[in-house]
Amino acid sequence: NIGEKRPVIRQLDEGAINRIAAGEVVERPASAVKELVENALDAGARRIEVAIADGGKTLIRVSDDGCGIAGGDLPLALSRHATSKIDGSDLLNIHSFGFRGEALPSLGAVGRLSITSRAAGEDAAAVSVTGGRIGPVKPAALSRGTIVELRDLFHATPARLKFMRSDRAEAQAVMDVVKRLAMAEPFAGFTLRDVTGGGEGRVSFRAEAETGDMFDALQGRLGRILGREFAENSIAVDAEREGLHLTGYAALPTYSRGSGVAQYLFVNGRPVRDKLLIGALRGAYADFLSRDRHPAAALFIDCDPQLVDVNVHPAKSEVRFRDPGLARGLIVSALRHALAEAGHRASSTVAG
Ligand code: ADP
Ligand code: MG
């Protein structure tokens, strides 16, 4: 009899709310690394060092030389929906990676989090979060920037721990995230170390800060990350349509793979995994590749922030274009055109 037992509606406490939000934001070590490196980039860092142990399951440490956080602001930075990046008045005018103020409180809810930071003109300070509780701010020693350490991710949620893949697979996913962000910001230097078992660890990825203009820097960075083989087997793309600008490199059809292919897509500098854009990429190669082959590509769409909504999912890796057909059409036509031209060049070289 439903009438007799009324359900109780209660307000969840902050800890539970943070754990629920964490479920969307932090799926695995790589998503924690993504949030922390994005924070470093938003802080204007030019040198970012990432260290992980056991695939990031026991330790993730991100150090940067960015603007830092004043000691007095540390508890606020760890609170939900607290951000220095937007004032909330215009969600279609976002120029930073972050804007939701959710990453740090989420990480504090699912792991042992500690932050040491020093803002210009301030003393260094540190704070830890255990079991979702923000501890006291203590004096610390640090010359500049921020070090965020996340230990024992998901230690309190064994169900989540079971979903983790092998250390190797998680470390690979972390590397992929760092590479994507390194492509998004060629003027910053990145190092990824595996410190499993302690000590200095082993460098698993490094990209020195690029110099020169944006074009040179991007070309240098892409070459370093995607390799010479990709550089020698890809074509440059540069097209514009009604305010959407497409640049980047796409592989020649002869340089395709069956699986595990590198497809890197960016919208206004943000790495995205967008079905629409991946579908457009596939569509562009439809006449050049069989369905089981995938083209490698690094493509950048830049436009007025008003033309694209990044506030679609807490992980911020999906976007919604105001005119999805326009984005798709731009990719398909620009790539088809570039591929056809490359085909003509290749056949005329053979003929000549
Ligand atoms: P968001 O990035 O959406 O603002 P976060 O929870 O990731 O939310 O971070 C909260 C706030 O903490 C940021 O807005 C920023 O002011 C500060 N912060 C976080 N990480 C760093 C960092 N590495 N350097 C400087 N400030 C940081
Ligand atoms: Mg953030």
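Just so it is clear, the structure is predicted and the values come from calculations on it, not from any experiment. (Residues numbered from 1 in each chain as written. Chains lettered and ligands numbered in written order. Predicted model: local features only at pLDDT ≥ 70, side-chain atom pairs only at ≥ 80, totals over all residues.)

(A) How the structure looks around the overall build of the protein chain. When you go through the protein chain residue by residue, the secondary structure sums to nine helices and 18 strands. Taken against the 2.2 N^0.38 rule, which gives 20 Å for 352 residues, the C-alpha radius of gyration of the protein chain at 22 Å falls within 12% of a compact globule. In terms of overall dimensions, the protein chain has C-alpha extents of about 75 × 60 × 40 Å along its principal axes. Within the protein chain, the proportion of its 352 residues that are buried is 39%. Sequence-distant contacts, at least 24 apart, represent 68% of the contacts inside the protein chain between residues at least 6 apart. (Helix = DSSP H or I, 4+ residues; strand = E, 2+ residues; numbered from the N terminus. Rg over C-alpha atoms; globule rule 2.2 N^0.38 Å. Buried ≥ 20, exposed ≤ 12 C-beta atoms within 10 Å, placed from the backbone. Contact = placed C-beta atoms within 7 Å.)

(B) Representation of the site of ligand 1 within the structure. Near ligand 1 there are 22 residues, and of these Asn39, Ala43, Thr83, Gly98 and Ala103 occur at the shortest range. Residue contributions to the shell around ligand 1 peak at four residues, all from helix H2 (residues 29–42). Among the residues forming the shell around ligand 1, the class breakdown is eight nonpolar, eight polar and six charged. (Near = placed C-beta within 6 Å. Nonpolar A, V, L, I, M, F, W, Y, C, P; charged D, E, K, R; others polar.)

(C) Spotlight on the sheet that holds strand E10 (residues 234–241). Within the open sheet, the five strands sit side by side as E10-E11-E16-E13-E14. Their pairing is mixed. At either margin of the open sheet sits one strand with a lone partner, and together these are E10 and strand E14 (270–272). If you compare each strand with its neighbour and ignore which way they point, the axes differ by 20° on average. Inspection of the sheet shows strand E13 (residues 263–267) paired to E14 by three bridges, in the antiparallel sense. If you follow Phe266 over to E14, its bridge partner there is Pro271. Sitting on the sheet, helix H6 (residues 167–184) is in contact with E13, E14 and strand E16 (297–302), with an inclination near 135° to E14. (Pairing = 2+ DSSP bridges. Axes fitted to C-alpha atoms, helices over the stretch in contact; angles between N-to-C directions.)

(D) Spatial organisation of helix H8 (residues 275–284). Along H8, the positions that sit buried rather than exposed are Leu277, Ala280, Leu281 and Ala284. Projected onto a plane normal to the axis of H8, the buried residues spread over an arc of 100° and lie on a single side. (Arc of directions from axis to C-beta.)

(E) Examining helix H4 (residues 103–110) more closely. Among the eight residues in H4, eight count as buried, and that is most of the element. Where H4 is concerned, the buried positions are Ala103, Leu104, Pro105, Ser106, Leu107, Gly108, Ala109 and Val110. Contacts made by the buried residues of H4 are with helix H1 (14–25), H2, helix H3 (74–77), strand E3 (112–118), strand E4 (125–130) and strand E7 (145–151).

(F) Layout of the domain arrangement of the protein chain. Each assigned domain of the protein chain is listed with its residue range as follows: domain 1 (14–207) and domain 2 (227–351). In this complex, domain 1 contributes 16 residues to the contact, which on the side of domain 2 involves 13 residues. Counting only elements with at least two residues in the side of domain 1 that touches domain 2, the list comes to H1 and H6. It is H6 that contributes the most residues to the side of domain 1 that touches domain 2, four residues altogether. In the side of domain 1 that touches domain 2, the residues fall into nine nonpolar, three polar and four charged. (Domains from an automatic or database assignment.)

(G) Quick look at the packing of H1 against H4. Close contact between H1 and H4 brings their axes to 8 Å; oriented N to C, the two are set at 105°. Here H1 lies roughly perpendicular to H4, going by the angle between them. Residue-level contacts link Gly15, Asn18, Arg19, Ala21, Ala22 and Val25 of H1 to Ala103, Pro105, Ser106, Gly108, Ala109 and Val110 of H4. (Parallel < 35°, antiparallel > 145°, perpendicular 65-115°, else oblique.)

(H) Broad picture of the nonpolar core. Residues Val33, Val37, Val62, Val178, Ala297, Leu299 and Ile331 are the most contacted members of the largest nonpolar core, which totals 93 residues. Mapped onto the domain boundaries, this core takes at least three residues apiece from domain 1 (14–207) and domain 2 (227–351). (Core = buried A, V, L, I, M, F, W, Y, C linked by C-beta atoms within 7 Å.)

(I) View of the pairing of strand E1 (residues 47–53). In terms of residue burial, E1 counts as a mostly covered element, since five of its seven residues are buried. Looking at chain direction, E1 and strand E2 (residues 59–64) are connected through six bridges and run antiparallel. Paired with Glu49 across the strands is Ser63, a residue of E2. Linking two consecutive strands that pair antiparallel, namely E1 and E2, is a turn of five residues; a positive phi of about 55° is found at Asp54 within it.

(J) Spatial organisation of the confidence of the model for the protein chain. Here the protein chain averages 92 in pLDDT, while 97% of its residues score no lower than 70. This complex was scored by the predictor with a pTM of 0.93 and an ipTM of 0.99. (pLDDT = per-residue confidence, 0-100.)

(K) Expanded view of the packing of H6 against helix H7 (residues 214–232). Here H6 crosses H7 at 160°, and the two axes come no closer than 9 Å. It follows that H6 is roughly antiparallel to H7 by the angle criterion. The handedness of the crossing between H6 and H7 comes out as left-handed. Here H6 contributes Lys179, Ala182 and Met183 to the contact with H7, which in turn contributes Arg221, Leu222 and Ile225. Taken together, the residues of the contact of H6 with H7 break down into four nonpolar, no polar and two charged. (Left-handed = near helix turned anticlockwise from the far one by under 90°.)

(L) Focus on the environment of Ala262. As for its placement among the helices and strands, Ala262 is situated in the loop between strand E12 (256–257) and E13. Accessibility expressed as a C-beta count within 10 Å gives 18 for Ala262, which makes it partly exposed. Here the alpha-carbon distance between Ala262 and Gly108, two residues 154 residues apart in the chain, equals 32 Å. When sequence neighbours within four positions are dropped, the list of residues in contact with Ala262 reads Leu226 and Ala296.

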